[in-house]
Structures are given as structure tokens and as C-alpha cells.
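Listed here are the chains, written in short residue letters.
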Amino acid sequence: MKFVLKVLITAVNAFLLAYLLPGISINHFFTAIAVAFVLALLDAVVKPILVLFTLPATIFTLGLFLFVINACIILLDAYFVKGFVVDGFWYALLFSICLSIINSIVHKMVLKEEGRSDN
């Protein structure tokens, strides 16, 4: 149930960011759900492999290369999901930074409220 909730939160946040940020567009909310689901799959499967192969670059840049990996994951997501358009690398980088910040804030608030209601 938590996975579905996280995917829905990510879909809403991605849909709102696509409305606010130039260079990012998502056609429909169902496309945003597909974007969130594919993003979760790419984060679980592809991202660890990329992090492992680029470990020297990540260490050399003191972790800043992880931003590049996140932007590449967003570009891969745009490649796989029709209706999700990213105009370039810098827009993908901005989108990934904003999405991760907003997701972390919203996830903390929602999961914190969910934990309180269980008690």
C-alpha cells in the first residue's frame, strides 16, 4: 500500500512541476502516473547499476555526479513514457532536483500522518 501511495504522490508532484517548469510537459494525469511508476522502476533497477559504474566519478566530485545520474534517469523516463517530454538535460536536472525536494517534504508529511493514525 505504501508503494501505491508513493507512486501517487510522485505522480501529483510531477504533474504540478510539469505545469510550473518550462521545458517539461505531461499530457494527462494518467501519463503522470505512468511517469511515476516508470521512475520507481528505473530508480530500483537502473540507478544502482549506474551508481556502481560511475563510483569513481561520484567520489571525485564529492557526490555531485549523482545529480547527473538523476537527470539521466529522468531523460530515460521521458524516452519510455509517451506524453512526457523533457526539452533537455538542464530541464531534466532542474525537474529531478525539484521533484526530489518536494517528494521528500510531502512523503514526510503524509507518512507522519499515517503513522499517527495507526496508533
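Residues numbered from 1 in each chain as written. Predicted model: local features only at pLDDT ≥ 70, side-chain atom pairs only at ≥ 80, totals over all residues. Heavy atoms only, no water.

Let's talk about the UniProt feature "transmembrane region" (unreviewed entry) in the protein chain
- In the numbering adopted here, UniProt assigns the feature "transmembrane region" (unreviewed entry) to residues 24-42, 49-76 and 88-106.
- Strand forms 16% of residues 24-42 and helix 74%; the C-alpha atoms that close the span are 19 Å apart.
- Each end of residues 88-106 is marked by a C-alpha atom, and these two atoms are 27 Å apart; helix forms 95% of the span and strand 0%. (UniProt positions renumbered as here; feature names shortened; annotations may be inferred. Helix = DSSP H or I, 4+ residues; strand = E, 2+ residues; numbered from the N terminus.)

Things to note about helix H4 (residues 65-80)
- Over its 16 residues, H4 runs 23 Å from end to end, which matches the ideal 22 Å to within 8%, given 1.5 Å per residue.
- Listed as buried for H4 are Ile69, Ala71, Ile73, Ile74, Asp77 and Ala78. (Expected span 1.5 Å × (residues − 1). Buried < 20%, exposed > 50% of the residue type's maximum accessible area, 1.4 Å probe, protein only.)

Some remarks on a nonpolar patch on the surface
- Taken together, the side chains of Phe3, Val4, Leu8, Val12, Phe15, Leu16, Phe29, Phe37 and Leu41 define a hydrophobic patch exposed on the protein surface, amounting to about 760 Å² of accessible area.
- Mapped by element, the contributors of at least two residues to the nonpolar patch are helix H1 (2-20) and helix H2 (29-53).
- At six residues, H1 tops the list of elements feeding residues into the nonpolar patch.
- Topologically, Leu8 is positioned in helix H1. (Patch = residues over 30% accessible without salt bridge, like charges linked within 9 Å, V, L, I, M, F, W, Y side chains within 5 Å. Areas by Shrake-Rupley, 256 points an atom, 1.4 Å probe, with all protein chains shown as cover. Salt bridge = Lys/Arg side-chain N within 4 Å of Asp/Glu carboxyl O.)

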